[in-house]
Amino acid sequence: MIRYFKVLSVALFVFGASGCFKDLDTTPIDPDILTAEVVYEDPAAYKQVLAKLYAGLAVSGQQGPAGQADISEIDEGFGQYLRGFWYHQELSTDEALIGWNDQTIKDFHGQTWGASDGFIYAFYSRVFYQIALSNEYLRETADEKLDARGVAGPLRDQIKAYRAEARFLRALSYWHGLDLFRNTPFATEDYVLGSAPPPQTNAADLYAFIESELKAIDADLVAPRTNEYGRADKAAAWMLLAKLYLNAEVYTGQRKYQESLDYCKKILEAGYTLEPTYQNLFLADNHNSQEIIFSINFDGVSTRTWGGMTFIIRAGIGGSMDPTESGVVSGWGGVRTTPEFVGKFPSDLTGVKTGFNDGKTVSYPKVYVPGSHQGFDATQTSNSLASPTSNKIYEGYKYFPDDNTQIYFTQISSNSAPKFGDNGANGSLETGGAAIVIPQKGFYYFRVDLNAKTYTYEKRDLSIVGSATGGVDIPMVWEEETQTMVAAGQLSIGTFKFRANNADVVVYGDADRDSLLTLNGGDITIDQAGGYKILLDLDKPDYTYQVQLTSFDRRGMFYADGQRLEIDDLSLFTDGYAVRKFRNVTSTGVRGKDTDFPDTDFPMFRLADVYLMAAEAVLRGAEGGNKELAVQYFNKVRERAFTGSAGNFNAGNLTLDVILDERGRELYWECHRRTDLIRFGQFTDGTYRWAWKGGVKEGKATESFRNIYPIPSNDMGVNPNLVQNPGY
């Protein structure tokens, strides 16, 4: 899609004499470089050049991962668009810090950057390169140009939509410029290439331009979810407008929360759905998700870069981490997170409310049950029945996966030991007798009396039932991995017991609340509503169970093995927990096409963000501050995170602070955090501190002027129209 670039030398006239790039002659010297007139002779070029605008968010040149760079004298790795954006939005916050000693990179987390910072200049340059490419595309697709080329019919209609996408991409980059730099140079397609340096705009005017552009293109963008994946549609523009309005008070001092909510509602009605499994949003097949509204697309073969998702995934791998589990060949040992951010997630990631109790399993006399279900192996000592009172009467449960399973009983765990069978199939045991045949697969109760040399068995379909289940039996099924019977479902606050065959004849409870079951024992209590997994282990002589809450927040995908939570040494990767949110592995466990360069796409806009934005806009005054409405939006995200209602808030306890923390838990490492912290007054001089903020271990407040970045001194030196942002 980008084979035409080497193309369009005029597209590199970024802002004439502005310091991002040098002036170029309009006539190419290199015979391999094509002029616009030649390129647009091919009708397909209009889409292919548009593809270059999209590609500019993912790659940094014409060759990949490096070589034939878009911007000379800037490293293609750290100068790539998404990587630069990520540096500015994440490394400056509690969500990420980096241990490398590359130039001034640690200044991001310390919030000590200056106007001569090379990383800031690299991203600033990339932003305005994207804007320049968009401007050039709009020039070359203007009506007079198309008329001169004789472009008409369906292609002309397509180009109208292409232009709307180009204007969206320009608005997106201008929004990044507004959010990070505020008072930037400004030019549109009407700017005369090679003329005087472009003027400097201000926050209010740039905000108004972005707003007007996004509204103007609405009619020409395609309907939500009807464009090719990764291309902008109406919903992408609505999302950018909603974000612009949500931050309007920061940018211009005007409250636009109702407007933000209005556009959130348009997206919520557009047919997007939350991805059922949170983790799948960040894997190599996340293009299948119905939640992603706009993405930056990556492919291990055709979009290779040392920035982008390659950086986000590989820079976060180090220490004892196995990079192959993330689908890459190696890690770069750089990025971790702070203890303060880890603390926003539950410390217990097992969900176990009541654990198994083995009781006196080891000390009981046993008989063993070798059979066709396990290769007639009597040495498998866990495959046994027990006599808790040592009276030669043994009992227990066995699961058989197949019909007509053959079994024996033996008192010694040896394959050469005598076995008891049943020659008459009448319940009497004989030494060396015929195999006992269990006709149907399933879960069975056995009682073996070696005093009388008899046995009985009964098929038992187990379930849990009680007030916690609403009086309805939740069936238990065999789980091979844990060798237990398992019931899974939503439970209410209340109690339950185990029973067989949906009848109160065989009922087990926990009389002593010690996880050991007895016939007709006491009810088992559920004190928190939510999704549960109840595991029942009847293969042990003392029957035991586990209650596991599945409704808890699993979004904190941290790696702690060999890592210290506290960070004493910024340069040491093992100081600080690592993050394994993004991986180059599909939802089915298949690695991406390449182990150097991931297939994983970056979800720039997605539905969960819309719900949280809507909740925040309401709390800040939209719809009259209707807290019940805010809670409805907010709990949509919580219910996915908790696989149920266990994490829900109510109108009385939902606050802006809660929403800020929830945005962190839901959207971390997705380039939202700095903007969010600024909007909530916690980025620089607020009360919130995190490790090494301000350059000290315990964190400290920093100067409020650092809520925006400086205009790079490189550009200040060549454009006399620019005035530096305050404080720099």
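Keep in mind it's a predicted model, so treat the numbers as computed, not measured. (Residues numbered from 1 in each chain as written. Predicted model: local features only at pLDDT ≥ 70, side-chain atom pairs only at ≥ 80, totals over all residues. Heavy atoms only, no water.)

Student: I'm lost on the overall build of the protein chain in this one. Help?
Tutor: In terms of helices and strands, the protein chain carries 18 helices and 26 strands. Across the 728 residues in the protein chain, those meeting the buried criterion constitute 58%. Carbon and sulfur atoms make up 49% of the accessible area of the protein chain, which totals about 27,700 Å². In the protein chain, the 70 positive side-chain charges and the 94 negative ones have mean positions that sit 2 Å from each other. (Helix = DSSP H or I, 4+ residues; strand = E, 2+ residues; numbered from the N terminus. Buried < 20%, exposed > 50% of the residue type's maximum accessible area, 1.4 Å probe, protein only. Areas by Shrake-Rupley, 256 points an atom, 1.4 Å probe, with all protein chains shown as cover. Lys, Arg positive; Asp, Glu negative; His and termini not counted. Charge placed at Lys NZ, Arg CZ, Asp CG, Glu CD.)

Student: Looking at this model, I keep getting lost on unusual backbone geometry. Mind explaining?
Tutor: For residues besides glycine, phi is generally negative; the peptide bonds are generally trans as well. At the junction of G64 and P65, the peptide bond is cis and its omega measures out at -5° in the coordinates. Position of P65 among the secondary structure elements: in the loop between helix 2 (45-55) and helix 3 (81-91). Although it is not a glycine, Q483 sits at a positive phi angle of roughly 55°. By relative accessible area, Q483 is classed as partly exposed at 39%. Phi is positive for C671, which is not a glycine, with a value near 70°. One can find C671 in the loop between helix 16 (656-667) and helix 17 (673-679).

Student: Which parts of the structure should I look at to understand the pattern of salt bridges?
Tutor: One side chain can pair with another of opposite charge once the charged atoms of both are near each other. Summed over the entire model, instances satisfying the criterion amount to 57 salt bridges. In this structure, R580 and E325 form a salt bridge, with 3.6 Å as the shortest nitrogen-oxygen distance. Of the two residues, R580 sits in the loop between strand 25 (578-579) and strand 26 (602-606) while E325 sits in the loop between helix 12 (308-314) and strand 3 (335-336), which places them 255 residues apart along the sequence. D539 is paired through a salt bridge with K398; the nearest N and O atoms lie 2.2 Å apart. Taken together, the positions of D539 in the loop between strand 22 (530-537) and strand 23 (544-549) and K398 in strand 7 (residues 393-400) put the pair 141 residues apart, joining distant regions of the chain. Residue classification places D539 among the partly exposed positions, given a relative accessible area of 26%. One salt-bridge network, in which partners are shared between bridges, spans E291, D553, R555, K581, R606, R638, R640, E662, R665, E666 and E670. (Salt bridge = Lys/Arg side-chain N within 4 Å of Asp/Glu carboxyl O.)

Student: When you look at the nonpolar core in this model, what are you seeing that I'm missing?
Tutor: For soluble globular proteins, the rule of thumb is that nonpolar side chains tend to be buried together. Among the nonpolar cores identified, the biggest contains 153 residues, and W86, Y87, F168, I210, F294 and F602 are the most heavily contacted of them. In terms of residue count, helix 7 (residues 153-181) provides more of this core than any other element does, 14 residues in total. Leaving out residues up to four positions away in the same chain, F168 has contacts with L214, I217, A232, A236, A237, L240, F294 and F605. (Core = buried A, V, L, I, M, F, W, Y, C linked by side-chain atoms within 4.5 Å. Contact = heavy atoms within 4.5 Å.)

Student: Is there a simple way to think about the side chain of T201 in this case?
Tutor: Mapping T201 onto the fold places it in the loop between helix 7 and helix 8 (203-216). Here T201 falls in the buried class, since its relative accessible area comes to 11%. Excluding residues within four positions of it along the chain, T201 makes contact with N183, T184, F186 and L206.

Student: Looking at this model, I keep getting lost on the side chain of R673. Mind explaining?
Tutor: Assignment of secondary structure puts R673 in helix 17. What makes R673 buried here is its relative accessible area of 1%. Here the side chain of R673 touches L660 through a polar contact of 3.3 Å, landing on its backbone oxygen. Other than its neighbours up to four places away in sequence, R673 contacts Q89, E90, T93, D94, E95, K344, L660, G664 and Y688. (Polar contact = N/O pair within 3.5 Å; in protein donor to acceptor, adjacent residues only side chain to side chain.)

Student: How should I be thinking about the packing of aromatic side chains in this particular structure?
Tutor: For any two aromatic rings, the description comes down to two numbers: the centre-to-centre distance and the angle of the planes. The tally for this structure, following the rule as stated, stands at 55 aromatic pairs. Taking 6.1 Å as the distance between ring centres and 70° as the angle between the ring planes, the aromatic pair formed by W100 and F311 counts as edge-to-face. Here W100 is found in the loop between strand 1 (97-98) and helix 4 (107-110), whereas its partner F311 is found in helix 12, with 211 residues between them in sequence. No difference in accessibility class separates W100 from F311, as the two residues are buried. Judged by centre distance (5.2 Å) and plane angle (35°), the ring pair of Y174 and F186 falls under tilted. One end of the pair, Y174, is in helix 7; the other, F186, is in the loop between helix 7 and helix 8, and 12 residues separate them in sequence. The cationic tip of K266 hangs over the ring face of W238; the distance from NZ or CZ to the ring centre is 4.6 Å. Over the face of the ring belonging to F683 we find R674, whose NZ or CZ atom lies 5.9 Å from the ring centre. (Phe/Tyr/Trp six-rings, centres within 6.5 Å; stacked < 30°, edge-to-face > 60°. Lys NZ or Arg CZ within 6 Å of the ring centre and 35° of its normal.)

Student: When you look at the packing of helix 3 against helix 7 in this model, what are you seeing that I'm missing?
Tutor: To describe two helices that pack against each other, one gives the angle between their axes and the distance between the axes. Close contact between helix 3 and helix 7 brings their axes to 12 Å; oriented N to C, the two are set at 25°. Judged by the angle between their axes, helix 3 and helix 7 are roughly parallel. Crossing geometry of helix 3 relative to helix 7 is assigned as left-handed. Along its contact with helix 3, which presents Y81, F85, H88 and Q89, the element helix 7 presents S173, H176, D179 and L180. Grouping the amino acids of the contact of helix 3 with helix 7 by side-chain chemistry returns 3 nonpolar, 4 polar and 1 charged. (Axes fitted to C-alpha atoms, helices over the stretch in contact; angles between N-to-C directions. Parallel < 35°, antiparallel > 145°, perpendicular 65-115°, else oblique. Left-handed = near helix turned anticlockwise from the far one by under 90°. Nonpolar A, V, L, I, M, F, W, Y, C, P; charged D, E, K, R; others polar.)

Student: Just to check I follow, could you spell out the environment of F573 for this structure?
Tutor: Relative to the helices and strands, F573 resides in the loop between strand 24 (558-559) and strand 25. Classification of F573 by relative accessible area gives buried; the value is 8%. With 494 residues separating them in the primary sequence, F573 and G79 have C-alpha atoms 23 Å apart. What F573 contacts, discounting residues up to four positions off in sequence, is A315, G316, I317, G318, G319, M321, G333, G334, V335, R336, Q563 and A578.

Student: Help me understand the sheet that holds strand 22 in this model?
Tutor: Strands belonging to one sheet form pairs held by backbone hydrogen bonds; the direction of such a pair is parallel or antiparallel. Ordered in space as 4-23-22-17-16, the 5 strands form an open sheet in which the pairing is antiparallel. The open sheet terminates on both sides in strands that have one partner only, identified here as strand 4 (352-354) and strand 16 (477-479). Each strand axis lies, on average, 35° off the axis of its neighbour in the sheet, ignoring direction. (Pairing = 2+ DSSP bridges.)

Student: Could you clarify how one ought to interpret the packing of helix 2 against helix 7 in this entry?
Tutor: For the pair helix 2 and helix 7, the least separation of the axes is 10 Å and the interaxial angle reads 10°. Classified by the angle between their axes, helix 2 and helix 7 sit roughly parallel to one another. Facing helix 2, whose interface residues are Y46, K47, L50, L53 and Y54, helix 7 presents L155, I159, Y162, E165, A166 and L169. Residues belonging to the contact of helix 2 with helix 7 are distributed by class as follows: 9 nonpolar, no polar and 2 charged.

Student: Is there a simple way to think about the pairing of strand 23 in this case?
Tutor: Across the 6 residues of strand 23, 6 count as buried, placing the element largely inside the fold. Two elements, strand 4 and strand 23, share 2 bridges in a ladder whose sense is antiparallel. By the bridge assignment, V352 is partnered in strand 23 with Q548. Where strand 22 lies against strand 23, 6 bridges are found, and the strand directions are antiparallel. Opposite Y532, over in strand 23, you have L549 as the bridge partner. Hairpin connection from strand 22 to strand 23: 6 residues lie between these consecutive antiparallel strands.

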